[in-house]
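Survey of secondary and tertiary structure
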Amino acid sequence: MYAFFIRTFEGSKTQVELLKEKIRQEGKVLSEEVLKVDSFLNHQIDPVLMQEIGKEFVARFSDQNITKIVTIESSGIAPATMAGLILGVPVVFARKRKSLTLTDHLYSAKVHSFTKNESNDISVSKDFISNEDTVLLIDDFLANGQAALGLIDIAEQAGAKIAGVGIVIEKAFQPGGELIRKAGVRLESLAELQSLQDGKVQFVGEETF
């Protein structure tokens, strides 16, 4: 017989406070534009924190009658899956490269990565999104907005209703958020970074010292 021990967060901290605390404790500022969070989000995953993040996304979009959650491989999959689990809806992730089993009957969009300085076509099978769906788009980071705009493009190609975009960490000092809002899409970012200057994480709304 196996004994299972489930770690839970203690106290009355909100999901956003827990996320910010994790960023402060484990995030590594590599430059004024790059924050490394591979210990809990985009390499190693903290599943309990992802569950809390999923709860927060569900709470924020609870009025939208979501039928599918759409993300992009690979770092958006964990928070998207937790939100899908709570809502009881499927999670679809856009593939960055075509596989032998994903060659046609696709919705596709081109996405440029400023971090990697390369462009990729992202694709979703037409079998998994339709004009009958209301989709919530989820991703780990929002910086220049290209990944999110690519997902918006795919949802629009499918004729799906877009409930909004949910982002775990937004770099508010970069233009992605403004681009999404200008596109008329609702944006909910859990942790908004005001600055990464001097090797320090500063969130939007915090006073500087």
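Here is what the cut-offs are and how they apply
Residues numbered from 1 in each chain as written. Predicted model: local features only at pLDDT ≥ 70, side-chain atom pairs only at ≥ 80, totals over all residues. Heavy atoms only, no water. Pairing = 2+ DSSP bridges. Helix = DSSP H or I, 4+ residues; strand = E, 2+ residues; numbered from the N terminus. Contact = heavy atoms within 4.5 Å. Axes fitted to C-alpha atoms, helices over the stretch in contact; angles between N-to-C directions. Polar contact = N/O pair within 3.5 Å; in protein donor to acceptor, adjacent residues only side chain to side chain. Expected span 1.5 Å × (residues − 1). Buried < 20%, exposed > 50% of the residue type's maximum accessible area, 1.4 Å probe, protein only. Right-handed = clockwise from strand over helix to strand, strands pointing away. pLDDT = per-residue confidence, 0-100. Parallel < 35°, antiparallel > 145°, perpendicular 65-115°, else oblique. Left-handed = near helix turned anticlockwise from the far one by under 90°. Nonpolar A, V, L, I, M, F, W, Y, C, P; charged D, E, K, R; others polar. Salt bridge = Lys/Arg side-chain N within 4 Å of Asp/Glu carboxyl O.

Considerations on the sheet that holds strand β7 (residues 134-142)
With mixed pairing, six strands are arranged side by side in an open sheet as β4-β3-β7-β8-β9-β10. In this open sheet, the two strands that pair with only one neighbour each are β4 (91-94) and β10 (202-203). Pairing between strand β3 (residues 68-72) and β4: four bridges, direction parallel. The partner of I72 across the bridge, within β4, is A94. Of the strands in this sheet, β8 (161-171), β9 (187-195) and β10 touch helix α1 (residues 15-26), which is tilted by about 35° from β9. Those strands touched by helix α3 (residues 77-87) are β3, β4, β7 and β8, and its axis lies near 175° from that of β3.

Brief notes about the environment of K161
Here K161 shows up in strand β8. For the pair K161 and T134, spaced 27 residues apart in the sequence, the C-alpha separation amounts to 4.6 Å. Apart from the residues lying within four places of it in its own chain, the contact partners of K161 are Q64, D133, T134 and V135.

Details of the side chain of E188
With respect to the helices and strands, E188 occurs in strand β9. There is a polar contact of 3.4 Å between the side chain of E188 and the side chain of R186. In this view, E188 contacts F57, R60, F61, V165, G166 and I167; residues no more than four positions away in its chain are not counted.

Considerations on helix α4 (residues 146-158)
Look at α4: 19 Å from first C-alpha to last across 13 residues, which is about the 18 Å you get at 1.5 Å a residue. Of the residues making up α4, those classed as buried are A147, A148, G150, L151, I152, I154, A155 and A158. Following α4 by one or two positions, G159 adopts a phi angle in the positive range, close to 75°.

Some points on the environment of F93
Within the secondary structure, F93 is located in strand β4. Residues F93 and V70, spaced 23 residues apart in sequence, show a C-alpha to C-alpha distance of 5.6 Å. Other than its neighbours up to four places away in sequence, F93 contacts T71, E73, I77 and S123.

Remarks on the pairing of β9
Of all the nine residues making up β9, seven are buried; the element is thus mostly covered by neighbouring parts of the structure. With six bridges joining them, β8 and β9 adopt parallel strand pairing. Looking across to β9, one finds that I169 is bridged to A191. Chirality of the crossover, the property in question, places the unit of β8, helix α5 (residues 176-182) and β9 among those that are right-handed. Hairpin connection from β9 to β10: six residues lie between these consecutive antiparallel strands, with D198 at a positive phi of about 60°.

A few points about the confidence of the model for the protein chain
On average, residues of the protein chain carry a pLDDT of 90, and 89% of them reach 70 or more. Here residues 1-11 is a poorly scored stretch, pLDDT under 50, and it has seven contacts once near neighbours within four places are set aside; other chains count.

Considerations on the packing of α1 against helix α2 (residues 47-60)
Running from amino to carboxyl end, α1 crosses α2 at an angle of 140°, the nearest separation of the two axes being 9 Å. Comparing the axis directions of α1 and α2 gives the class oblique. In this structure, α1 meets α2 at a crossing whose hand is left-handed. Side by side, α1 and α2 meet where Q15, V16, L18, L19 and K22 of the first sit next to L49, E52, I53, K55, E56 and R60 of the second. Across the contact of α1 with α2, the residue classes break down as five nonpolar, one polar and five charged.

So, the pattern of salt bridges
Using the criterion set out here, one finds 12 salt bridges in the structure. For the salt bridge of E56 with R60, the shortest nitrogen-to-oxygen distance reads 2.7 Å. On the criterion of helical spacing, the pair formed by E56 and R60 is a turn pair, its members being four residues apart in helix α2. By relative accessible area, R60 is classed as partly exposed at 22%. Connected through shared salt-bridge partners, E56, R60, D63, R186 and E188 make up one network.

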